[in-house]
Amino acid sequence: MAAITPGTVLVLGGGSDIGAACVAALAGNGLRDVVLAARDPEAAVRTVTAALPEPTDDSPRVHGLTWDALDVGATGPLLDEVVDRWGLPDVVVVAVGLLGHHAGLGLGPAQVDEMVRTNFAGPAAALAVVAERLAAEPGTGRSIVVLSSVAGVRPRRSNFVYGSSKAGVDAFAQGLGDALAGTPVRVLVVRPGFVRSSMTEGLDPAPFATDPDTVGRAVARAVLSGRSGVVSVPGVLRPLFGVLRLLPRPWWQRVAGDR
Ligand SMILES: NC(=O)c1ccc[n+]([C@@H]2O[C@H](COP(=O)([O-])OP(=O)(O)OC[C@H]3O[C@@H](n4cnc5c(N)ncnc54)[C@H](OP(=O)(O)O)[C@@H]3O)[C@@H](O)[C@H]2O)c1
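1. Description of the nonpolar core
Phase 1 of the analysis: Ranked by size, the top nonpolar core spans 33 residues in total, and within it Val91, Val93, Val145, Val190 and Val223 carry the most contacts.
Phase 2 of the analysis: Membership of the second largest hydrophobic core comes to 30 residues, among which are Leu78, Val146, Leu176 and Val189.

Right under this line is the structure:
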């Protein structure tokens, strides 16, 4: 596993709190340019700038570009612009996500469609474009980080729309990682548990709740060492969900409850 130097980092869903924490944790490791692709790029730049350490001469420059995950034709032109202005990204973080009102039953067809497209179809279409571009250039190491969720390992009755869409993008990213074997590109699938971020504002934290900085540090450690595959944050969730996913359905319904 060759180490990766993150000179240019592109974040799809650039206003994400976890994405911002990933950028902050990568700063100071040769990071020059951070490109935030977001529906509201100015707000994204503010979020990431606030997450970065006090500015110094070596601080990365933060740039915002307009991008919507639901526009499947947008990622090619976005990458053209990024490459022209700041070079091919060394690290691409896919941080797009929509939790909705944390429900399963009761969501209308338009809401289900929006959640599936935002969490799965849109990111998958973008990942396909990013992977082709990153793999086409020679080099030693580039990383694609996909923010999945433990919710996708075994969706609960209260969040099965979100959970199933995260399961889709998780499986897509794992297969993509296998397809990219032998290229300079590694795919890291990150499965956080409950993270206290804008997405979960107002919700009661689940057991093993964590914060964006903890996820960011875990992502930076894995990316910088050139790791690929699946990482759970916190790590205890991996063996825990390894067991929970095998629980007989009535037991799982009782354990998951309504949360
Ligand atoms: N927080 C958690 O408990 C948790 C746990 C596990 C996994 N995750 C995953 O981690 C990732 C980041 O989540 P977070 O906690 O950082 O939440 P967040 O701050 O709400 O970030 C989600 C981002 O997705 C963006 N987004 C939504 N729809 C989009 C679209 N159509 N086009 C472009 N961007 C879009 C949002 O942009 P706007 O600002 O424009 O809405 C927002 O910046 C998500 O994939 C989430 O599913 C979160």
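2. A short note on the pattern of salt bridges
Any two side chains of opposite charge can pair, on the condition that their charged atoms come close.
Phase 1 of the analysis: Counting across every chain of the model gives 5 salt bridges.
Phase 2 of the analysis: Between Asp80 and Arg133 there is a salt bridge whose closest N-O contact spans 2.9 Å. Of this pair, Asp80 sits in helix α3 (residues 75–86) while Arg133 sits in helix α4 (residues 109–136); the two residues are 53 residues apart in sequence, bridging distant segments of the chain.
Phase 3 of the analysis: Overall, Asp80 belongs to the partly exposed group, its relative accessible area being 39%.
Phase 4 of the analysis: Using a relative accessible area of 27% as the deciding quantity, one classes Arg133 as partly exposed.
Phase 5 of the analysis: Between Glu81 and Arg85 there is a salt bridge; the shortest N-O distance is 2.7 Å. Note that Glu81 and Arg85 are positioned in helix α3 at a spacing of 4 residues, about one turn of the helix.

3. Notes on the site of the ligand
Phase 1 of the analysis: Close to the ligand lie 27 residues; Ser16, Arg39, Val96, Tyr162 and Ser197 are nearest.
Phase 2 of the analysis: The separation between an oxygen atom of the ligand and a polar side-chain atom of Arg39 is 2.7 Å.
Phase 3 of the analysis: Here Lys166 contributes a side-chain N or O atom positioned 2.8 Å from an oxygen atom of the ligand.
Phase 4 of the analysis: Of all the elements in the fold, those that place two or more residues in the shell around the ligand are α1 (17–26) and α5 (160–179).
Phase 5 of the analysis: When grouped by side-chain class, the residues that make up the shell around the ligand number 12 nonpolar, 11 polar and 4 charged.

4. Overview of unusual backbone geometry
Phase 1 of the analysis: Each neighbour pair has its own omega, and for Val233 with Pro234 the value is -5°, a cis peptide bond.
Phase 2 of the analysis: Its location among the elements puts Pro234 in the loop between β7 (229–233) and α7 (237–244).

Definitions and limits used
- Residues numbered from 1 in each chain as written.
- Predicted model: local features only at pLDDT ≥ 70, side-chain atom pairs only at ≥ 80, totals over all residues.
- Heavy atoms only, no water.
- Core = buried A, V, L, I, M, F, W, Y, C linked by side-chain atoms within 4.5 Å.
- Buried < 20%, exposed > 50% of the residue type's maximum accessible area, 1.4 Å probe, protein only.
- Salt bridge = Lys/Arg side-chain N within 4 Å of Asp/Glu carboxyl O.
- Helix = DSSP H or I, 4+ residues; strand = E, 2+ residues; numbered from the N terminus.
- Near = heavy atom within 4 Å.
- Polar contact = N/O pair within 3.5 Å; in protein donor to acceptor, adjacent residues only side chain to side chain.
- Nonpolar A, V, L, I, M, F, W, Y, C, P; charged D, E, K, R; others polar.

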